[in-house]
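Structural characterization, general
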Amino acid sequence: RRGGAPPRPPPPPPPPPPPLSHMPQQAQGREYALPPQCGGWPPSAALQGGGSCCGLDAAAMQRQQMPSAVGSMGAGRVGVPMPQAGVALRSGEMGARGGAGPGPSYCSSCDPSGRGDARGKDLAMSPRSRAVYKDFSHTLRSKETQVRGARYAQQLAERCLHDLPEAVHWRVHLEMADLAKREKSFGRARQLYRMATQLQPTAPQAWLEFAKMEEERGHFSRCEKILTLGLRHCPYHEALMLKGIKHLERMGELRAARSLLSQLQYVPVNQSWRTVLEGALLEARAGETAMARRVFKFLLHAAPWYGPVWFEACRFEQRCGHPQEALRVAEEGLKQLPRYGPLWFSVMRLLECALPNRHELVHATRAHVERGVRHISKDLVWKLWFEAAQVEERNGNLARSRSAYVKSVGACAPNLRWKVWLGGARSELSYSRFDVSQALLERALAESPPKTRAIVMLEQSRLYELRGDIEAARGLLRSARKSARSEWKVFLESVLLEMRSEATSRALREARRALEVHRGTGRLWAVLIQLEQASGVHHQLRVFQQALLEVPKSGEVWCEGARICLNPFSDCFNLEAAHNFLDFAIEFTPQYGDSFIEYLRLMMLVGAPDADVERLWQLCINAEPNYGTLWFHSKRTVLLTTRQVLESATELLRRELSEWRSVYDAAIARAARPDFRSTALAAVTAAMLARTGGSADSDAPAAPAPLPPPPLNLPASLPPVEAADFVTGSVALNRMHRQLGRLGLEERRALIYGGDMIVP
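Remember, it's a predicted structure, so these values are computed and weren't measured experimentally.

A few points about the overall build of the protein chain
Along its length, the protein chain carries 38 helices and zero strands. In the protein chain, buried positions account for 50% of the 760 residues. Put simply, of all contacts in the protein chain between residues at least 6 apart along the chain, 66% involve residues at least 24 apart.

Structure below.
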């Protein structure tokens, strides 16, 4: 300071918004009260350019400011008024039960006014305390403690509490709460989480773990109250805000989620961009495409230095079916962040979608790779050449593909070279060069680390199967199961090999052996349920019951339950039960594409409104499924987007339902009969009740045989058909799996490998 001038006082923090009761009457009860030229809840009035994510000029970029822009969120929506003490998920929840305790405080990492700096020191530990706590945490998680049980763990905690200062006791309670949760002592865990949050209310980790447990237990109202209290003590904390937004979205409370987003008006963009980005994704998942695009516009120009913003904006445009616009966003992002790897790989995939001309595509790809090698991190150069090799192979340039793989090997770390050899083997296989592919797989096996050798052996077994040497394939998988017992994919491949070989009894034996090792793997239970179809629907239901006891949150298992109810020959044909099962399947495992295709089949059968079908499509596009037998069958090439796969699946189902409509009509007519309906409903209800207790072990005594259902009245002119033809939604695919030896090379390769890609 010159001349003794006093320092400038810090600017006062901006005042909180008025309570809801003091808001103007016309602002209350409105959804999106947007100014005519304002983009949406975060974007400012500057966002007026074009319909793309990049439609803003340079002057607007300079004017863009997060506080003023996000301030429009609270002005135009019925939001949760931000109290002086903190942030709430909903209005009126500050006085929720359990709110008694320490006064409002602020987390130093999230309070924009800086008032939480002193409080943040409470979360730090001295070197001695850190050493004591680290030793306790390591001992608590050791096998010795697991063997000795909860009493020994409690003694450890008491000794640790004696050695640690009181300010660190909350961490010990948090560790003990996690242990109690793993032992399914949820009441004790709840007490310990509550103690941790009371001892250190400014620790976001305690609130997050507490809320996560209640959400996993299905106590959504408790989860919401915990998050509200957490945001009261740690306002604007990023992880708590994100958890709150996702929780409200899951509960269908989009209005409350948007109100929570509106409370970011006092947070600088460099501290809130991840939360605002989640808001953009929320709008996209809700089908508000125009609103999501406006939010992305704001982020791209207010925070262009963050790579995930450009990456998610690019993916958003791609999901909307605009590959050209997605490519433009990615190219703009590379101008801002030339070393951000994900954008370089996105551009390579988008070039294949946006440039139909093969000559133009390969020229653009080669130029892109040469440019990327000069800018991208050295650790990612090998991946760039790997992707380039796959592009060349898909466009018929095997020689250039081999050259790119060689460059990838030269830039790759020794412990990752096996992936390049694996990719090269798959490329050679696409040109039916079996000997070259086999040699590359042998080299991959020689250079792969011990933990990944099972993956290479699995790939070798598929090649032997494709060439017709089933015994060699079985021998390789047998060896892989012994050397990599923890790799469940090897066990699944053993079952699938026997299924494709039409050896049902061997497949059943392999599936049961696999479940002895990997009892918590849903895909193994799902394939066992499907195999039991040959023994009858009631055997399937018994396995389904047991699977629900073991893996109640497996979407694959719930999807198989729905398939039982959708099979027109099934004694449990029940479209309502199938609807409920598919809801669970999509909720628990949204990346399993077969659930969405079976849901499409159900909607076509019942003639669902277009709005419901569109909503299902939106859910699927947001989930971006990546596996499933029906899904791979509908995804003919790796370049198809989720929307294009759905279009292909819809066309497939339309043809199949048209061909077999008389079978489904007969099943629906039979299901309308009271005697059949009561029997089918009782069987399905028993499967649902199995989640709460009892056992459906295969060794348990069999239940009394149910009364035979009324016959299925099929037209006499119908071609021969059986229950096995309807185990999934495609009759043609089911028959192909049972006649693999009579298929051509390309069809067999598609069934054996599916849509499984070798990715770097």
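Description of the pattern of salt bridges
Counted according to the given criterion, the structure contains 45 salt bridges. One salt bridge in this structure joins E249 and R285, with 2.7 Å as the shortest N-O distance. Taken together, the positions of E249 in helix α11 (residues 238-250) and R285 in helix α13 (residues 269-285) put the pair 36 residues apart, joining distant regions of the chain. Note that E387 is salt-bridged to R349, the shortest N-O span being 3.0 Å. Residue E387 is found in helix α19 (residues 381-394), and its partner R349 is found in helix α17 (residues 341-354); the two are separated by 38 residues along the sequence. In this structure E387 comes out as buried when scored by relative accessible area, which is 7%. Salt bridges linked by common partners bring R426, E459, R462, E465, E493 and R500 together as one network.

Structural notes on the confidence of the model for the protein chain
Here the protein chain shows a mean pLDDT of 81. Residues at 70 or above account for 79%. For the stretch residues 692-705, pLDDT sits under 50, and the model shows 15 contacts to residues farther than four places along the chain or on other chains.

Looking at the packing of helix α30 (residues 575-588) against helix α31 (residues 593-606)
With their axes 10 Å apart at the nearest point, α30 and α31 run at an angle of 150° to one another. It follows that α30 is roughly antiparallel to α31 by the angle criterion. Our pair here, α30 against α31, has a crossing hand that is left-handed. The residues of α31 that touch α30, namely those facing L575, A578, H579, L582, D583, A585 and I586, are S595, F596, E598, Y599, L602, L605 and V606. Looking at the contact of α30 with α31, its residues break down into 10 nonpolar, two polar and two charged.

Points about the packing of α19 against helix α20 (residues 398-411)
Between α19 and α20, whose axes approach to 8 Å, the crossing angle comes to 170°. With respect to each other, α19 and α20 are oriented roughly antiparallel. Viewed along their axes, α19 and α20 form a crossing whose handedness is left-handed. Between α19, through V381, W382, W385, F386, A388, A389, Q390, E392 and E393, and α20, the contact on the second element is made entirely by R400, S401, A404, Y405, K407, S408 and A411. Partitioning the contact of α19 with α20 into residue classes produces nine nonpolar, three polar and four charged.

Some details on helix α12 (residues 254-262)
Buried residues dominate α12, accounting for seven of its nine residues. Three or more residues of α12 are buried, namely A256, A257, R258, S259, L260, L261 and S262.

Topic: the packing of aromatic side chains
Per the counting criterion, the structure on display carries 15 aromatic pairs. Measuring from centroid to centroid gives 4.2 Å for W273 and Y306, while their planes differ by 15°, and the two rings are stacked. Here the residue W273 occupies a position in helix α13, and Y306 occupies one in the loop between α14 (289-302) and α15 (307-319), the gap between them amounting to 33 residues. Each member of the pair, W273 as well as Y306, is classed as buried. Plain terms: the ring middles of W558 and F581 are 5.5 Å apart, the flat faces sit at 50° to each other, and that makes the pair tilted. You can see W558 sitting in helix α29 (residues 555-566) and its partner F581 sitting in helix α30, a full 23 residues away along the chain. By relative accessible area, which is 0% here, W558 ends up buried. Three or more aromatic residues joined by ring pairs make a cluster, and in this case those are F544, W558, F581, F584 and F588. Sitting over the ring of F186, R217 keeps its end group 3.9 Å from the ring centre.

Description of the environment of R339
Relative to the elements of secondary structure, R339 occurs in the loop between α16 (323-336) and α17. Sequence-wise, R339 and L380 are 41 residues apart; in three dimensions their C-alpha atoms are separated by 10.0 Å. Ignoring anything within four residues of it in the chain, the contact list for R339 reads H375, I376 and S377. Engagement of the side chain of R339 in a polar contact is seen with the backbone oxygen of H375, the distance being 3.2 Å.

Definitions and limits used
Residues numbered from 1 in each chain as written. Predicted model: local features only at pLDDT ≥ 70, side-chain atom pairs only at ≥ 80, totals over all residues. Heavy atoms only, no water. Helix = DSSP H or I, 4+ residues; strand = E, 2+ residues; numbered from the N terminus. Buried < 20%, exposed > 50% of the residue type's maximum accessible area, 1.4 Å probe, protein only. Contact = heavy atoms within 4.5 Å. Salt bridge = Lys/Arg side-chain N within 4 Å of Asp/Glu carboxyl O. pLDDT = per-residue confidence, 0-100. Axes fitted to C-alpha atoms, helices over the stretch in contact; angles between N-to-C directions. Parallel < 35°, antiparallel > 145°, perpendicular 65-115°, else oblique. Left-handed = near helix turned anticlockwise from the far one by under 90°. Nonpolar A, V, L, I, M, F, W, Y, C, P; charged D, E, K, R; others polar. Phe/Tyr/Trp six-rings, centres within 6.5 Å; stacked < 30°, edge-to-face > 60°. Lys NZ or Arg CZ within 6 Å of the ring centre and 35° of its normal. Polar contact = N/O pair within 3.5 Å; in protein donor to acceptor, adjacent residues only side chain to side chain.

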